[in-house]
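Architecture and fold: a report
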Amino acid sequence: MSDYLYLIPLFPLIGFLLNGLLLGRLPRVVVNIIACLSVAAAFIISVLVFFELKALPPDVRVIEQTLFTWIPSGILQVNFGLLLDPLSAIMILVVTGVGLIIHIYSIGYIAHDPCFGRFFTYMNLFMFSMLTLVLADNFLFMFVGWEGVGLCSYLLIGFWYHKKSASDAGKKAFIVNRIGDFGFLIGMFIIFWEVGSLEFRVVMEQAPVVFIAGGSLITTICLLLFVGATGKSAQIPLYVWLPDAMEGPTPVSALIHAATMVTAGVYMIARTNVLYMLAPDALMVVAIVGAVTAFFAATIALTQNDIKRVLAYSTVSQLGYMFLACGVASFSAGIFHLMTHSFFKALLFLGAGSVIHAMSDEQDMRRMGGLGKHIKITYITMLVAALTISGIPGFSGFFSKDEILWKSFSSQHGHPIFWVVGFVTAGLTAFYMFRLIYMTFHGKERMDEETRQHIHESSKSMTIPLMVLAVLSVVGGWIGMPHIFGVSNFFEHWLEPVMAGGSYEPVSHALAAGGGDVGMEWGLMAASVALVLVSIYFARTFYKTKPQLATAWRKKMSGLHQVLLNKYYVDEFYGAVIVRPLIVFSLFLWKVVDVILIDGFVNGSALVYEGVSESLRRVQTGRLRSYATLFVFGVVILVAYFVMD
Amino acid sequence: MIDYTSAGIDFGLIAPEIALLVTAFVILLISSIRRLNAFPIYIAFIGLVVTLALSIQQWSNQESGFFGMISCDNFGIAFKILFSATSLLVLLLGYRYMIARGIDRPEYSALLLISTMGMMVMANTTDLVVMFLGLEIMSVPLYVMAGFARRSLRSNEAAIKYFMMGAFASAFLLMGIAFVYGASGTTELRRIVADISFISSRHGAYIYAGAALILVGFGFKVAAVPFHSWVPDVYEGAPTPVTAFFSVAPKAAGFAVMLRIFLFGFADLEILSDVFWVLSVLTMSVGNILALRQGNVKRLLAYSSIAHAGYIMVALAVGGEEAVSAAIFYLVAYTIFNLGGFAVVTLLETRSGCRSNFSELPGLAATHPYLSAILALFMLALGGFPPTVGFLGKFYLFAAAIKSGYIWLAVIGVMNSFLSVYYYLRVVKASYFETSDEPFTPVSYTPAIVAVLIITAVGTLGLGFFPQQLLEFSRSAIFAFL
């Protein structure tokens, strides 16, 4: 089966080509079938290869497949090669699995849009790019997927391009991502310069030999790669595109926030964990950026009123957790959270889509309320997701988040401060999630009468994906239970072969240290659960039982509230400090450098060439005699030159 | 190296040539007995397919026969494959055009086949006299084909001009061969190689003059500046499918011979590299500059074909295995996308009254989105844009130049391709962005031309993404060459 690895990205590509080339000629049903079937096929093959991989002994769980040489040029040999190991196996399962659910959901969601063909074309291209990114066995091929994902996000966020806000958001996503890509590219160049190869296998094998551990070179490389990761995975300072990305259709938000795109940065860091283990300073930067982003985005989410915007900041915050995990060298915890997050975040976005659908495209939670009794399935599934993301024991988010918190405390790269930040953020998370639940589904019905009449539960093709995701959100975490529960952490063991051998100490680090740490782990876990429960209680008080209290607080702390509501004015700050000067500089380049200097040069040289062309054309008289003369002239010169020598 | 003394008569070595000749004669016979228009073209098609199969079958053969007159090595076989495939495509793309213009006479197919056979003879020998023989077998049918539209004044003009200049060039070539024979006592390249230092020390002037005159003769065929002046008039006047053939096949044949003579036979003449350096730069620059201001697509492609000859000559200046295999790669790639471009022009000209001036292009994109996209693809390939094979072809050529230290040659080459983008994009601009008051007459597709368009377009893009096969092909083609 692993011989058919290439089919995994190929199927979505075929779907993209079919739907794209026959755009507007296929009936809706056929478009839907092509789009979903191609992803379903990719998913089925992913499952099969996963089990095939699992059947192998842990230390040889690598399947490589080189399709062909892409760039043969001197020492630069780049293959279209695929690499299946425990890490990419998890990723393709998540990408195709969640992607498939979102595709099925989209059938119902996009049913009323005349541009459904274009939509599914882009969606399939998105899947193809992401699968390429994940399965690539070298940096450059990965970069192809990396760029493809960026392109698709631009196309899909700006899907309703006639809306200015949507096309602006698309451009913003693309441009911000390009900044990150630049870092990634430079990092890649340095790697090639130093190692002489871009293949993951070679680079990871050579890295400990070529680079001095903790040296400035490897630290630079890791930081540059991390710049790329902050762009794709929406971390400070390049997170600004993600909240705007909700301008796209909701399934797109789900796809971007959950299964694809934003996970790329985390995946890339996990993939290059060998390099990061050699650069402790870079690891610390990753951890700090992750922790700060987690906290910072969670505070913004507290005050937002747009249901999708809350979720968007929540994604930024959760991604911060993943980077925090990577930063404390617990890459498997980061990937674990990536997986559970993709379940519950997809569920939250699809649920929000269902709410917006029911509310006749209203996204402002201030005009919702009391929806719980009208759209029960949506309510229950979203409640499950909220419990999961808040980290209520038993739900998947609990296991993954707890793992990260514990590792940020106990890992040799960790620090209690990281734990404190993560701990506080967990409380904030529970608060803003239940604020969302209470504002949307409980309390007074604040919508106008006409909207109220239209409230209806979504069709089966939308609710069934919600239910599937709800089940996954609950059980998805059970494969990664911590050791103190008396079970073996399957997930961590599964990823062990991929993680830097030797230099990385797995789980046992904490356990070996003695029983005191076990007690500590229980204690920290209990503390975070308690905080979460308290936060939920506060959310209930503020937004359900005593709404006047929320208003009073808002008045009392209006300064802080304004800052949070305006997202710390970061967009404004970037506008003033980066965008404005850039525009001025561009104007200079345009009016002075381009129009006068470059155009002048170009037009001047064009004039010269046209003159030369014109005079040469005169030689081309059409008369045989003059041709023969020219010919003989050439012969004489040639023979003379040869004989004189 | 092949041992040329142990050479007997082995018809297997010239099986493709025989197939072509037999087919051509069958066509001529049938057409004289029964006036059936449809038959000859099918016979020619079958004959070419058989030839192609026979040529492919010879691959990795290394033999010589006919007393050293024919050497059947991978280099020659590669060109056999190229020539028969080219002929096949030209036959397909011209079918409807010839009917539309009322010049679909059976002799056309026969001439095409005989000319192709001449090219094969040229590429599969190391003897100068046999090369000349091949050249003439190739050229005489070409003269007739140029004037195939008997009632068209321009076609007649093309034939006369091509013939006069061709005869002129042949005279110089023959003179050159005579000089070389006089100096060395042989026309066999392998013997010349063996004795070159001895020969040039004794009869230096003659061998040099001979080399120069041979260069003139073949330089004419590949349209090197300053022996290029016939190209625009002939290309414009000849029927378009014939022009398509002119622009690729004789050029490839000329280069096949030049690569053999100058990089193998006269490899030790140091002066050659400098001469080719100058000729290459002159050819690409003059071709590109003259193309800038053309108002006719066919004439533009004529000049562009001169410029492309200049790029390939980079390989002659540089020498060495990598350059030769890059040249073969480029010849194959160029054949594909240039034929593609001509296929589009032919298709457009099948409509009555169309002479493929720029002013006739507006409206193409709006009415024929696929056709204009394909035209744009070929133009981008000609200009050397990735991801088409045109980019890779130039890349390998210039990379070979840089590796051997010819930095400036590569720089000039790149500058020239940069310049060429201007006029290629003019075609794209005219078909996409310009408007015209007259409605665009729709073209009628035929299966044959659609097949050509698909093959060339897929080749242009596909080989751009997956060049491996073609790379291996061009690398093994030089096995036993140097």
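Residues numbered from 1 in each chain as written. Chains lettered and ligands numbered in written order. Predicted model: local features only at pLDDT ≥ 70, side-chain atom pairs only at ≥ 80, totals over all residues. Heavy atoms only, no water.

Some points on the overall build of chain A
The cut-off we apply is this: Per the convention used, a helix needs a DSSP run of H or I reaching at least four residues, while a strand needs a run of E reaching at least two, with both numbered from the N terminus. Put simply, the radius of gyration uses C-alpha atoms, and a globule should come to 2.2 Å times the residue count raised to 0.38. Throughout, a residue-residue contact means that at least one pair of heavy atoms, one from each residue, lies within 4.5 Å. For accessible areas, the Shrake-Rupley method is used with a probe of radius 1.4 Å. Any residue's cover is judged against the shown protein chains and nothing else. His is not counted, nor are the chain ends, whereas Lys and Arg count as positive and Asp and Glu as negative. In this description, the location of a charge corresponds to atom NZ of lysine, CZ of arginine, CG of aspartate or CD of glutamate.
A tally of helices and strands in chain A yields 27 helices and 2 strands. Whereas a compact globule of 645 residues would reach a radius of gyration of roughly 26 Å, chain A reaches 28 Å, a difference of no more than 12%. Sequence-distant contacts, at least 24 apart, represent 80% of the contacts inside chain A between residues at least 6 apart. In the structure as shown, chain A presents an accessible area of about 25,300 Å², 70% of it carried by carbon and sulfur atoms. Computed over 40 positive and 39 negative side-chain charges, the inter-centroid distance for chain A is 12 Å.

Things to note about the overall build of chain B
The cut-off we apply is this: Throughout, exposure labels follow a simple rule: accessible area from a 1.4 Å probe, protein chains only, divided by the maximum for the residue type, with under 20% read as buried, over 50% as exposed, and the rest as partly exposed.
Within chain B, the regular secondary structure consists of 18 helices and 2 strands. Along the longest, intermediate and shortest principal axes, the C-alpha atoms of chain B span 70 × 60 × 40 Å. In chain B, which comprises 482 residues, the share counted as buried stands at 65%. Of the contacts formed within chain B by residues at least 6 apart in sequence, a portion of 82% connects residues at least 24 apart. With an accessible surface of roughly 16,900 Å², chain B has 67% of that area assigned to carbon and sulfur atoms. The centroid of the 26 positive side-chain charges in chain B is displaced by 10 Å from the centroid of its 25 negative side-chain charges.

Re unusual backbone geometry
With an omega of 5°, the peptide bond between Ile236(A) and Pro237(A) qualifies as cis. Relative to the helices and strands, Pro237(A) resides in the loop between helix H8 (216-232) and helix H9 (241-244). Of note, the bond from Pro386(B) into Pro387(B) is cis; its omega dihedral lies within 30 degrees of zero at 5°. With respect to the helices and strands, Pro387(B) occurs in the loop between helix H14 (369-383) and helix H15 (389-403). A positive phi is found at Ala234(A), a non-glycine position, where the angle reads about 55°. For Ala234(A), the location among the structural elements is in the loop between H8 and H9.

Topic: the packing of helix H2 (residues 28-55) of chain A against helix H3 (residues 86-109) of chain A
Residues and elements named next belong to chain A. Applicable threshold: Between the N-to-C directions of two axes lies an angle of 0 to 180 degrees, each axis being a line fitted to C-alpha atoms and, for a helix, fitted only over the stretch in contact. Should an angle fall under 35 degrees it is taken as roughly parallel, and over 145 as roughly antiparallel, whereas 65 to 115 is taken as roughly perpendicular and any remaining angle as oblique. In this scheme the handedness of a crossing depends on how the near helix is turned from the far one: anticlockwise by less than a right angle means left-handed, clockwise means right-handed.
Put simply, H2 and H3 touch, their axes get as near as 9 Å, and they point 155° apart. The angle between H2 and H3 places the two elements in the roughly antiparallel class. Crossing of H2 against H3: the hand is left-handed. Side by side, H2 and H3 meet where Asn32, Ala35, Cys36, Val39, Ala40, Ala42, Phe43, Ser46, Val47, Val49, Phe50 and Leu53 of the first sit next to Pro86, Ala89, Ile92, Leu93, Thr96, Gly97, Gly99, Leu100, His103, Ile104 and Ile107 of the second.

Observations concerning the confidence of the model for chain B
Residues and elements named next belong to chain B. Selection criterion: pLDDT: the predictor's confidence for each residue, scored from 0 to 100.
In the predicted model, chain B carries a mean pLDDT of 89, and the fraction of residues at 70 or more is 97%. Averaged over each element, pLDDT in chain B is lowest for strand S1 (residues 63-65) (82) and highest for helix H5 (residues 128-146) (95). Confidence estimates for the predicted assembly give a pTM of 0.73 and an ipTM of 0.85.

Thoughts on the interface of chain B and chain A
The parts lose accessible area when they come together, and the size of an interface is often stated as this lost area. What counts here: Buried area: the sum, over both parts, of the accessible surface (1.4 Å probe) that disappears when the two are put together. When a carboxyl oxygen of Asp or Glu lies within 4 Å of a side-chain nitrogen of Lys or Arg, that pair is called a salt bridge. For this analysis, a polar contact is any N or O atom pair within 3.5 Å, provided that within protein one partner can donate a hydrogen and the other can accept it, and provided that sequence-adjacent residues contribute only side-chain to side-chain pairs. In the scheme used here, Gly and all other residues not listed as nonpolar or charged are polar, with Ala, Val, Leu, Ile, Met, Phe, Trp, Tyr, Cys and Pro taken as nonpolar and Asp, Glu, Lys and Arg as charged.
The partner chain A presents 30 residues to the 44 residues of chain B that form the contact. On the chain B side of the interface with chain A, the three residues burying the most area are Ile271(B), Ile289(B) and Arg293(B), jointly 17% of the side's total. Remark: the boundary between chain B and chain A carries 2 salt bridges. In this structure, Arg293(B) and Glu610(A) form a salt bridge, with 3.7 Å as the shortest nitrogen-oxygen distance. For the pair chain B and chain A, the interface holds 3 residue pairs in polar contact (both at pLDDT 80 or more). Mapped by element, the contributors of at least two residues to the side of chain B that touches chain A are helix H6 (153-184), helix H7 (189-221), helix H8 (230-237), helix H10 (271-291), helix H11 (297-318), H15, helix H16 (407-432) and helix H18 (468-477) of chain B. Sort the elements by how many residues they give to the side of chain B that touches chain A and H7(B) lands first, with 9 residues. Considered class by class, the residues forming the side of chain B that touches chain A number 34 nonpolar, 4 polar and 6 charged.

Observations regarding the packing of H6(B) against H7(B)
Residues and elements named next belong to chain B. Direction vectors running N to C along H6 and H7 enclose 175°, while the axes themselves pass 7 Å from each other. Between H6 and H7, the angle falls in the class roughly antiparallel. Its residues assigned to classes, the contact of H6 with H7 shows 21 nonpolar, 6 polar and 1 charged.

Concerning the side chain of Asp402(A)
Residue and element names in this part refer to chain A. In this structure, Asp402 sits in helix H17 (residues 396-410). In this structure, Asp402 is buried with no salt-bridge partner, the nearest side chain bearing the opposite charge being Lys407 at 9.2 Å. In contact with Asp402, other than residues within four places in its own chain, are Gly397 and Met525.

Digging into the packing of aromatic side chains
To keep things clear, this is the line we draw: Two aromatic rings, drawn from Phe, Tyr or Trp (for Trp, its six-membered ring), form a pair once their centres lie within 6.5 Å of each other, and the interplanar angle then sorts them: stacked below 30 degrees, edge-to-face above 60, tilted otherwise.
In the structure shown here, the tally under the stated rule is 53 aromatic pairs over all chains. Pairing Tyr423(B) with Tyr424(B) gives two aromatic rings, centres 4.6 Å apart and planes at 50°, and the pair type is tilted. Accessibility assignment for this pair places Tyr423(B) and Tyr424(B) in one class, buried. In this structure an aromatic cluster arises from ring pairing among Phe631(A), Tyr143(B), Tyr162(B), Phe163(B), Phe168(B), Phe172(B), Phe220(B), Phe227(B), Trp230(B), Tyr235(B) and Phe246(B).

Thoughts on the pattern of salt bridges
Residue and element names in this part refer to chain A. Applying the stated criterion across every chain yields a total of 28 salt bridges over all chains. Between Lys171 and Asp168 there is a salt bridge, with the nearest N and O atoms lying 3.8 Å from each other. A residue pair is termed a helical-turn pair when its members lie 3 or 4 positions apart in one helix, as Lys171 and Asp168 do in helix H6 (residues 164-195) at 3 residues. Look at Asp168 and you get partly exposed, because its relative accessible area is 30%. Its salt-bridge partner being Asp181, residue Arg178 comes within 3.6 Å of it at the nearest N-O pair.

Focus: the nonpolar core
The criterion, for reference: Nonpolar cores are built from buried Ala, Val, Leu, Ile, Met, Phe, Trp, Tyr and Cys residues. Side-chain atoms within 4.5 Å join them into one set.
Ranked by size, the top nonpolar core spans 201 residues in total, and within it Phe642(A), Phe79(B), Ile214(B), Ile261(B), Phe262(B) and Phe266(B) carry the most contacts. Here the element with the most residues in this core is helix H12 (residues 321-349) of chain B; it accounts for 20 residues. In contact with Phe642(A), other than residues within four places in its own chain, are Tyr208(B), Ala211(B), Ala212(B), Leu215(B), Ile271(B), Leu272(B) and Val275(B). Listed in part, the 190 residues of the second largest apolar core include Leu5(A), Tyr239(A), Ala259(A) and Phe491(A).

Side note on the side chain of Ser285(B)
Tracing the backbone shows Ser285(B) in helix H10. A distance of 2.7 Å separates a polar side-chain atom of Ser285(B) from the backbone oxygen of Val281(B).

Topic: the environment of Ser167(A)
Residue and element names in this part refer to chain A. Assignment of secondary structure puts Ser167 in helix H6. For Ser167 and Ala229, which are 62 residues apart along the polypeptide, the C-alpha to C-alpha distance reads 24 Å. Look past the residues within four positions of Ser167 in its chain and what remains in contact with it is Gly158 and Tyr161.

Quick notes on the environment of Ile75(A)
Residue and element names in this part refer to chain A. On the secondary structure map, Ile75 appears in the loop between strand S1 (63-73) and strand S2 (76-84). For Ile75, a relative accessible area of 66% corresponds to the exposed category. Ile75 sits 117 residues away from Phe192 along the chain, and the two C-alpha atoms are 10.0 Å apart. Those residues in contact with Ile75 that lie beyond four places of it in its chain are Phe192 and Gly196.

Description of the confidence of the model for chain A
With 96% of its residues at a pLDDT of 70 or more, chain A has an overall mean of 84. Within the model, the stretch residues 502-515 of chain A combines pLDDT values under 50 with 18 contacts to residues more than four positions away or in other chains.

As for H5(B)
Here is the rule: The span expected for a helix works out to 1.5 Å for each residue beyond the first.
Over its 19 residues, H5(B) runs 26 Å from end to end, which matches the ideal 27 Å to within 8%, given 1.5 Å per residue. Looking at where H5(B) begins, the residue whose side-chain oxygen comes 2.9 Å from the main-chain nitrogen of Val129(B) is Asp127(B).

Points about H6(B)
Residue and element names in this part refer to chain B. Its 32 residues place the ends of H6 46 Å apart at the C-alpha level, agreeing with the 46 Å of an ideal helix rising 1.5 Å per residue. Looking at where H6 begins, the residue whose side-chain oxygen comes 3.3 Å from the main-chain nitrogen of Arg154 is Ser152. Phi for Gly185, located one or two positions after H6, is positive at around 80°.

Considerations on the environment of Leu347(B)
Residues and elements named next belong to chain B. Take Leu347: it is sitting in helix H12. For Leu347, a relative accessible area of 2% gives the class buried. Considered as a pair, Leu347 and Phe218 are 129 residues apart in the sequence and their alpha carbons are 31 Å apart. Ignoring any residue separated from it by four or fewer positions in sequence, one finds Leu347 in contact with Leu371, Val443, Ser444, Tyr445, Ile449 and Leu453.

Topic: the state of the cysteines
All names here are of chain A. Applicable threshold: Disulfides are defined as cysteine sulfur pairs within 2.5 Å.
Summed over all chains, the structure comprises 0 disulfides over all chains. Cys222 takes part in no disulfide bond, and the closest cysteine sulfur to it belongs to Cys326, at a distance of 12 Å. Since its relative accessible area comes to 0%, Cys222 is described here as buried.

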